[in-house]
Amino acid sequence: MLTLQVIRRELQGEVLLLTLAHADGIDLPAFSAGAHIDLHLADGLVRPYSLCGDPQDRRHYQLGILKDRASQGGSLAAHALNVGDFIQVSDPRNFFALEETASHCLLIGGGIGITPMLAMAAELHASGRSFSLHYCARTRAGAAFIAQLEQAAWADRVHLHFSDTQRLNLKAVLSDVPANTHVYTCGPTRLMDAVTDEASRLGYRPEQVHQECFSAEVVTGGAAFEVVAAASGITVQVLENQTIVEALAQAGLKVCVSCKQGICGSCLTDVLEGEPDHRDSYLTDEEKADGDQMLLCCSRAKSARLVIDL
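Quick caveat, the model's predicted, so the values are computed rather than measured. Think of each chain on its own: its residues are numbered from 1, step by step along the sequence as written. Per-residue local features are limited, in this predicted model, to residues with pLDDT of at least 70; the limit for side-chain atom pairs, both in listing and counting, is 80 or more; totals at the level of whole chains, interfaces and linings are taken over all residues. As a rule here, side-chain values cover all heavy atoms of the structure and leave hydrogens and water aside.

## A word on the overall build of the protein chain
In step 1: By definition, any uninterrupted DSSP run of H or I lasting at least four residues is a helix, any uninterrupted run of E lasting at least two residues is a strand, and each is numbered from the N terminus. Helix and strand content of the protein chain: seven helices and 18 strands.
In step 2: Here the C-alpha radius of gyration of the protein chain, 20 Å, is about what a compact globule of 310 residues would show, namely 19 Å.
In step 3: Taken over the C-alpha atoms alone, the protein chain extends approximately 60 × 50 × 35 Å along its principal axes.
In step 4: When contacts within the protein chain are restricted to residue pairs at least 6 apart in sequence, long-range pairs at least 24 apart make up 66% of them.
In step 5: Considering the protein chain, the positive charge centre built from 24 side chains and the negative charge centre built from 38 side chains are found 6 Å apart. We compute the radius of gyration over the C-alpha atoms and compare it with the globule rule, which gives 2.2 Å times the number of residues raised to the power 0.38. Residue contacts are defined here by distance: any two heavy atoms, one from each residue, within 4.5 Å place the two residues in contact. Lys and Arg are tallied as positive, Asp and Glu as negative. Neither His nor the chain termini are counted. In plain terms, the charge of a residue is placed at NZ if it is Lys, CZ if Arg, CG if Asp and CD if Glu.

## Focus: the environment of Glu287
In step 1: Positionally, Glu287 belongs in helix α7 (residues 285–290).
In step 2: The contacts of Glu287, once residues within four sequence positions are left out, are Asp292 and Gln293.

## Side note on the sheet that holds strand β10 (residues 181–186)
In step 1: Should DSSP find at least two bridges between two strands, the strands are taken to pair. The strand order across the open sheet formed by five strands is β9-β8-β7-β10-β11, and the pairing between neighbours is parallel. At either margin of the open sheet sits one strand with a lone partner, and together these are β9 (158–162) and β11 (209–212). Taken pair by pair, the neighbouring strands of this sheet meet at an average axis angle of 15°, ignoring direction.
In step 2: As judged from the six bridges shared by strand β7 (residues 104–110) and β10, these two strands associate in the parallel manner. Paired with Gly109 across the strands is Cys186, a residue of β10.
In step 3: To obtain each axis, a line is fitted to C-alpha atoms, and for helices this fit is confined to the stretch in contact; angles are then taken between N-to-C directions over 0 to 180 degrees. On top of the sheet, helix α2 (residues 115–126) reaches β7, β8 (131–137), β10 and β11; it is set at about 160° to β7, its chief contact.
In step 4: Strands β7, β10 and β11 of the sheet are contacted by helix α5 (residues 189–201), whose axis makes an angle of about 160° with β10.

## Thoughts on α2
In step 1: Its twelve residues place the ends of α2 18 Å apart at the C-alpha level, agreeing with the 16 Å of an ideal helix rising 1.5 Å per residue.
In step 2: Taken across its twelve residues, α2 has nine buried, putting it largely inside the fold.
In step 3: Burial status follows relative accessibility: with a 1.4 Å probe on protein chains alone, a residue under 20% of its type maximum counts as buried, one over 50% as exposed, and anything between as partly exposed. Where α2 is concerned, the buried positions are Thr115, Pro116, Met117, Leu118, Ala119, Met120, Ala121, Ala122 and Leu124.
In step 4: Just past α2, the residue Gly128 takes up positive phi, approximately 75°. The span one expects for a helix is its residue count, reduced by one, times 1.5 Å.

In structure tokens, the structure reads:
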């Protein structure tokens, strides 16, 4: 855990550009493009945000945080931070890393999903690799990071798409690329689904298409079942409208959670016995089929009993 200070805050519409640094000016832990950090905004309120700064700059961490109208407290607390405030953050973690063997990287960001793409573009440019970046937003006036994109050393690789003027033509964008192109997309679910579907139609292999969710709708209810936390010696009944995390908390066992939507992986736990009912967007289909790990914030059980390594 790091304690960092807010050294700059800038509002771009409803997006807060937050810059964090160590109070003593020392270098921060290194990160690679696609990484995120967890902000500990209050007691029990932890939220992951993508790092959008240049990975070569270890003096600062930069985050772009949208003020979410449906916020459960995370983005509102982040937007309340002021210059000089201190905040605890995790070390960077990366579940959305660039594939080193790709001949070309096609970056497609929608709305606040542009944030990890900024770090990716900076890293790809620094290493001399081939890439292009497509940024989709409703309007130019409401889009964040426009000035940064247009002034970047790699501005000639940037393509802007606005709903009221020049919409993204996915078929054209996905077709006009070299062989072994890898696609990275982040943003609204409908955009990511459209990218995945069109890429599949055009013959992309599943491992060539990468996405990161910022939010996901999950259904956590279902039939009751038993969970045994083997290492802790605790057995609980998970009720129909209760999550595993909630049931364990009532028994005094607190699980570290962040997104609570099955997208960040912070509550990933090994399964020792039983069959999970996966409800998350984090594990791959192959990992879900293995059945030896699960996310406790949203997933349930297909079997009457689960034994987990907790």
